[in-house]
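# Inside the fold
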Amino acid sequence: MEELELTFLAKELPPKLKTAKSKQLLDIYLPSTSKHPTLRIRKFGDKHEITKKEPVKEGDASHQLETTIPLTPEEFAELSQLPGKRVAKTRYYYQENGVGYEVDVFAGDLVGLVLVDVEFTSLAEKAAFTMPTWCLVEVTQETFLAGGMLCGKSYSDVAESLKRFKYKKL
């Protein structure tokens, strides 16, 4: 399945975020030896899956080919024993002005980082999108903020790169 998505750094948490539906996510990226792994196992709520994401065109992270397979809890439990790189976050499913946002509030070593994803059904819809005022800047093409790059890192590992956007830890 193809995915059209833009990613933003949050400037502040959106109004009424805490009333939005949310799920705790645990992502484990494999292999642990890869600088930027593209294979991920995920636990979100009571669901489990394995996903591989790769850009359709090299250098464009906004257009990905995504293959996802559901896993049983037992399959996830066994795969999660592999030495993958981990990242935990709360994902809020926030709605504003008819647009659905996935607001990822990172936990653990990445606490303070908040990323916002918006998915689109067409290139025209993506091109016409206007960033909300509570977002700071679009960072879709910033490799250091990709899930496979953030896994296993701490906020201090990315703080220097975030400075150029004048990001303030939330």
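Below is a summary of the structure that appears in this document. (Residues numbered from 1 in each chain as written. Predicted model: local features only at pLDDT ≥ 70, side-chain atom pairs only at ≥ 80, totals over all residues. Heavy atoms only, no water.)

### Digging into the side chain of His48
Here His48 shows up in strand β4 (residues 47-55). The residues touching His48, leaving out its near neighbours within four places in the chain, are Arg42, Lys43, Pro70, Leu71, Thr72, Pro73 and Phe76. (Helix = DSSP H or I, 4+ residues; strand = E, 2+ residues; numbered from the N terminus. Contact = heavy atoms within 4.5 Å.)

### A closer look at the side chain of Thr7
Here Thr7 is to be found in strand β1 (residues 2-10). Other than its neighbours up to four places away in sequence, Thr7 contacts Leu115, Val116, Asp117, Val137, Glu138, Val139 and Thr140.

### Side note on the environment of Val111
By secondary structure assignment, the location of Val111 is in the loop between β7 (99-106) and β8 (114-120). Once residues lying within four places of it in the same chain are set aside, the contact partners of Val111 are Phe106, Tyr155 and Lys169.

### Observations regarding the environment of Ala107
With respect to the secondary-structure elements, Ala107 resides in the loop between β7 and β8. Ignoring anything within four residues of it in the chain, the contact list for Ala107 reads Ala88 and Lys89.

### What about the pairing of strand β3 (residues 39-44)?
Regular strands place their side chains on alternate faces of the sheet. Where strand β2 (residues 21-30) and β3 come together, six bridges link them in antiparallel fashion. By the bridge assignment, Leu25 is partnered in β3 with Phe44. The pairing of β3 with β4 spans six bridges and is antiparallel. Paired with Leu39 across the strands is Lys52, a residue of β4. If you look at the hairpin formed by β3 and β4, you'll find two residues sitting between the two strands, and Gly45 has a positive phi there, around 65°. (Pairing = 2+ DSSP bridges.)

Keep in mind these numbers describe shape, not what the thing actually does.
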